[in-house]
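Read off the chains here:
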Amino acid sequence: MSKVPGSVGLPILGDKSLDFYRNPVKFVTKQIEDNKSRVFCARFLNTPTVFIGCNKTIKHLLTDGADFTELGYKQFMGEIFGDNILFTDGEMAGAFRASLSELFCHDSLTSYQTTISRIVQDRVHELGCLCEVPLYSFMKSLCTEICLSLFLGMDFRDAEDTADRIVNLTTTHWHGIISVPVSIKLPIGGGSSFCRALEAKNHLLNIIKQKKLENSSHFPDRIQQCSHGDQEKFVDNHLLLFTSALVPKALSSILTSLLIQIGSQQTEDQAGLSEDEEQLEAMLLEVQRMFPPFLGGRRVAREDFTLNGYHIPKGHALVYMSYHGHRDPSIFPDPDQFDPSRWNNVNVEDKGRLFCFGAGPRGCVGQKLVGNILKTVVQELLQKYSITVNENQDLSHKWLPVSRPKAEVKVKLRKRSGL
């Protein structure tokens, strides 16, 4: 059993949080080089923390390590979201997962597809014959409409003002996630971002309660049929999670990165991609490998345990870095090269080594729904349009809180002949 390389430093004085948040990718990459190890320790959020950029060790953490760790998010985001599947551990997490699983079974996913397809077709049709589109903004707007329509039963065609109000509330709510968790009301300025986020949460919960009464949409109906102890709280908190900005931002991140890659190809190759399921799947996998929407995740050790040969003391945090795990050269040859063909040959058996949506017993329960939305958007766009990324743009990424290009990348959409 080995000691994790690195140093956790002194409390406060030795904390590396600022260095991490300045540039998380650069910080972890440098530490990997300095420690000559893809697993190292440092003090982060004033807590002794093991950072993991080794693919094999991340896999162990998310599977076997689940028995010895808890998620470690609740202290940062629990008040913003309340108890839900993301912020619970142990038996309650298992009970939540069992209750929610029916919402994402094959029959349920099939029933949601009509709503997804209708929204995507309408929004793509509105684009016209030739246009320039700010890619991330368009995708965020589209994915927000899909999520609010699907999970809350909104119809943006009939309730535009209400929809706009809910979108603004979800944005304010989201800002609480990335703010200091202190609720302070000020006589001028309306209070802290966290305070405003809590107020937005209460407004959203009131809207959710109203929508449950007036709505017969598939998802709100189905979630109310799920069996759980505190039924109303369970339903309300999970509808809050699913309708929050978190899900649209993750979808928008993947779609933006994917369409930038597609838009860099020869346009004659694009049309065939919408019909070639295998190639589209390979493109999606490679985008998730190189540009994961979430940089990584966090766990906290409930007890001393051994993780892939390393001793992890009780109370230590563990931060797994999907970005670095996905670029581990021991798993992915030429890891910084965008190469979808790897998924049809050398890495054909390695889909389980992508951690965009977690893995193991705490993996994303809605991952298949996410895949359906992504494929519906891309196929509809490519069937109707050729895509070209405008020249001389900054395509570099920022990684927190959700990855996306630093600048608003613009693409030209040209309608295909005969349509």
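Residues numbered from 1 in each chain as written. Predicted model: local features only at pLDDT ≥ 70, side-chain atom pairs only at ≥ 80, totals over all residues. Heavy atoms only, no water.

1. Examining the packing of helix H9 (residues 193-214) against helix H11 (residues 231-243)
Packing of H9 against H11 brings their axes to within 10 Å, and their N-to-C directions diverge by 115°. Considered as vectors, H9 and H11 are oriented roughly perpendicular to each other. Taken as a pair, H9 and H11 cross one another with a handedness that is right-handed. Seen from H9, the contacting residues are Lys 201, Leu 204, Leu 205, Ile 208, Lys 209 and Lys 212; seen from H11, they are Glu 232, Val 235, Asp 236, Asn 237, Leu 239, Leu 240 and Thr 243. (Axes fitted to C-alpha atoms, helices over the stretch in contact; angles between N-to-C directions. Helix = DSSP H or I, 4+ residues; strand = E, 2+ residues; numbered from the N terminus. Parallel < 35°, antiparallel > 145°, perpendicular 65-115°, else oblique. Left-handed = near helix turned anticlockwise from the far one by under 90°. Contact = heavy atoms within 4.5 Å.)

2. Details of the sheet that holds strand E4 (residues 130-134)
Neighbouring strands of a sheet are bound in pairs by backbone hydrogen bonds; such pairs are parallel or else antiparallel. With antiparallel pairing, the three strands of this open sheet are ordered in space as E4-E12-E9. Two strands close off the open sheet at either side, each with one partner strand: E4 and strand E9 (385-389). Within the sheet, the average angular offset between the axes of one strand and its neighbour, ignoring direction, is 25°. On top of the sheet, helix H16 (residues 367-384) reaches E9 and strand E12 (410-415); it is set at about 100° to E9, its chief contact. (Pairing = 2+ DSSP bridges.)

3. Some details on the confidence of the model for the protein
Reading predicted coordinates in detail is not appropriate for stretches of low pLDDT. For the protein, the average pLDDT comes to 90, and 94% of its residues sit at 70 or higher. At the low end of the mean pLDDT range in the protein sits helix H13 (residues 267-275), at 79; at the high end sits helix H15 (residues 322-325), at 98. Segment residues 182-189: pLDDT under 50, and 15 contacts once partners within four positions in sequence are set aside and those in other chains are kept. (pLDDT = per-residue confidence, 0-100.)

4. Quick word on the side chain of His 326
Among the secondary structure elements, His 326 is positioned in the loop between H15 and H16. Owing to a relative accessible area of 0%, His 326 belongs among the buried residues under this scheme. In this view, His 326 contacts Asn 55, Gln 288, Arg 289, Pro 292, Phe 332, Arg 353, Leu 354, Phe 355 and Cys 356; residues no more than four positions away in its chain are not counted. (Buried < 20%, exposed > 50% of the residue type's maximum accessible area, 1.4 Å probe, protein only.)

5. Side note on H11
The end-to-end C-alpha separation of H11 is 18 Å, in line with the 18 Å expected for 13 residues at 1.5 Å each. Of all 13 residues making up H11, 10 are buried, and the element is well covered by its neighbours. For H11, the set of buried residues is Phe 234, Val 235, Asp 236, Asn 237, His 238, Leu 239, Leu 240, Leu 241, Phe 242 and Thr 243. (Expected span 1.5 Å × (residues − 1).)

6. A few points about the packing of aromatic side chains
Considering all chains together, one arrives at 19 aromatic pairs under this definition. Considering the side-chain rings of Phe 151 and Phe 242, the 5.4 Å spacing of their centres and the 35° angle between planes classify their relative orientation as tilted. Placement of the pair is Phe 151 in helix H7 (residues 135-152) and Phe 242 in helix H11, with a sequence separation of 91 residues. The exposure class of Phe 151 is buried, given its relative accessible area of 4%. Through a chain of ring-to-ring contacts, three or more aromatic side chains come together here, namely Phe 20, Tyr 21, Phe 27, Phe 40, Phe 44 and Phe 51. The lysine or arginine in question, Arg 404, covers the ring of Tyr 136, its NZ or CZ lying 4.8 Å from the ring centre. (Phe/Tyr/Trp six-rings, centres within 6.5 Å; stacked < 30°, edge-to-face > 60°. Lys NZ or Arg CZ within 6 Å of the ring centre and 35° of its normal.)

7. Structural notes on the sheet that holds strand E5 (residues 296-301)
Read across the sheet, five strands follow the order E1-E2-E8-E5-E3 without closing on themselves; strand pairing throughout is mixed. On the outer flanks of this sheet lie strand E1 (39-44) and strand E3 (69-70), each paired with one strand and no other. Pairing of E1 with strand E2 (residues 47-52), which is carried by six bridges, proceeds in the antiparallel orientation. The residue bridging Arg 43 from the neighbouring strand is Pro 48, located in E2. Relative to E1, helix H2 (residues 24-35) is tilted by about 125°, and along the sheet it contacts E1, E2 and strand E8 (317-321).

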